[in-house]
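Coordinate inspection notes
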Amino acid sequence: MALTESQIQELYVAYFGRPADVEGKAYWSGSTTGISTTLEFAANMHSQSEFQDAYGSKTVATQVNQIYQNLFGRDADAEGLAYWTGQIADKTLELAEIAVHLVWAAKNNDGGSADKTALENKVAAATAFTTDVEADATAQLAYTADDATAFTTAKTFISGITSTAATDAEIDAQVTTIKTDYSTNVAKGSTYNFTTAADDLTGTAKNDTFKGISDAAVAASNTFTSIDSIDGGAGT
């Protein structure tokens, strides 16, 4: 059985704090992954470097608390933290799958209406964000693991959603931001520094930066002089 988009987005938010990227959503939605349950999917997400590099070396309590933050926008309460870490300690539950149980509890616990609302709002925004990215080629190129800035933008956006749902305009603005950042970085070239020796520098097809010192008062420290040669290349 293939995972639903809601299940995928819930666990992307839980472990990565961001909406699913288009490639990731397509992959996990497929039937060839060998994963058919949310518990299996959660264990896979927990093992990914995006989570492990940031939190894998942390204590169980810290990891559980981070998932609380990602899903609900708050720290775990003392009772909840003790309960979940206790369940993990006695092997009743697995740390790698804990997000599935937190999602279920938020959806089914009448006393956790604020958590349920935050979860629903985050997942709705994540779903709309991924849909917007999927509809735009530049956004698709921008929103990948190759661009940490785009993921950071999305994480900051999702982290700020709790009791109030994100509007379409707010979601569109975030997608526009990652596109603009991507386009700027794609056009950004290299930086070249002149030395006190004779330099022959050639730029690229992008927007390069050439840095040198020309100070008549301190000629000995000059790096940009008449013996240097610059070819700006095809950039600006």
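Below, the structure is looked at part by part. (Residues numbered from 1 in each chain as written. Predicted model: local features only at pLDDT ≥ 70, side-chain atom pairs only at ≥ 80, totals over all residues. Heavy atoms only, no water.)

This next bit is on the overall build of the protein chain. Scanning the protein chain for helices and strands turns up eleven helices and four strands. On C-alpha atoms alone, the protein chain measures out to a radius of gyration of 24 Å, which is more than a quarter above the 18 Å that the 2.2 N^0.38 rule sets for 236 residues. Across the 236 residues that make up the protein chain, the buried fraction comes to 36%. A separation of at least 24 residues holds for 63% of the contacts in the protein chain among residues at least 6 apart in sequence. (Helix = DSSP H or I, 4+ residues; strand = E, 2+ residues; numbered from the N terminus. Rg over C-alpha atoms; globule rule 2.2 N^0.38 Å. Buried < 20%, exposed > 50% of the residue type's maximum accessible area, 1.4 Å probe, protein only. Contact = heavy atoms within 4.5 Å.)

Applying the stated criterion to the full structure yields ten aromatic pairs. Ring centres of Tyr27 and Trp28 lie 4.8 Å apart, and the angle between their planes is 80°; on these two criteria the pair is classed as edge-to-face. (Phe/Tyr/Trp six-rings, centres within 6.5 Å; stacked < 30°, edge-to-face > 60°.)

With respect to the helices, strands and loops of the structure, Ser36 is situated in the loop between helix 2 (22-29) and helix 3 (38-47). Taking the C-alpha atoms as reference points, Ser36 and Ala124, separated by 88 residues in sequence, lie 22 Å from one another.

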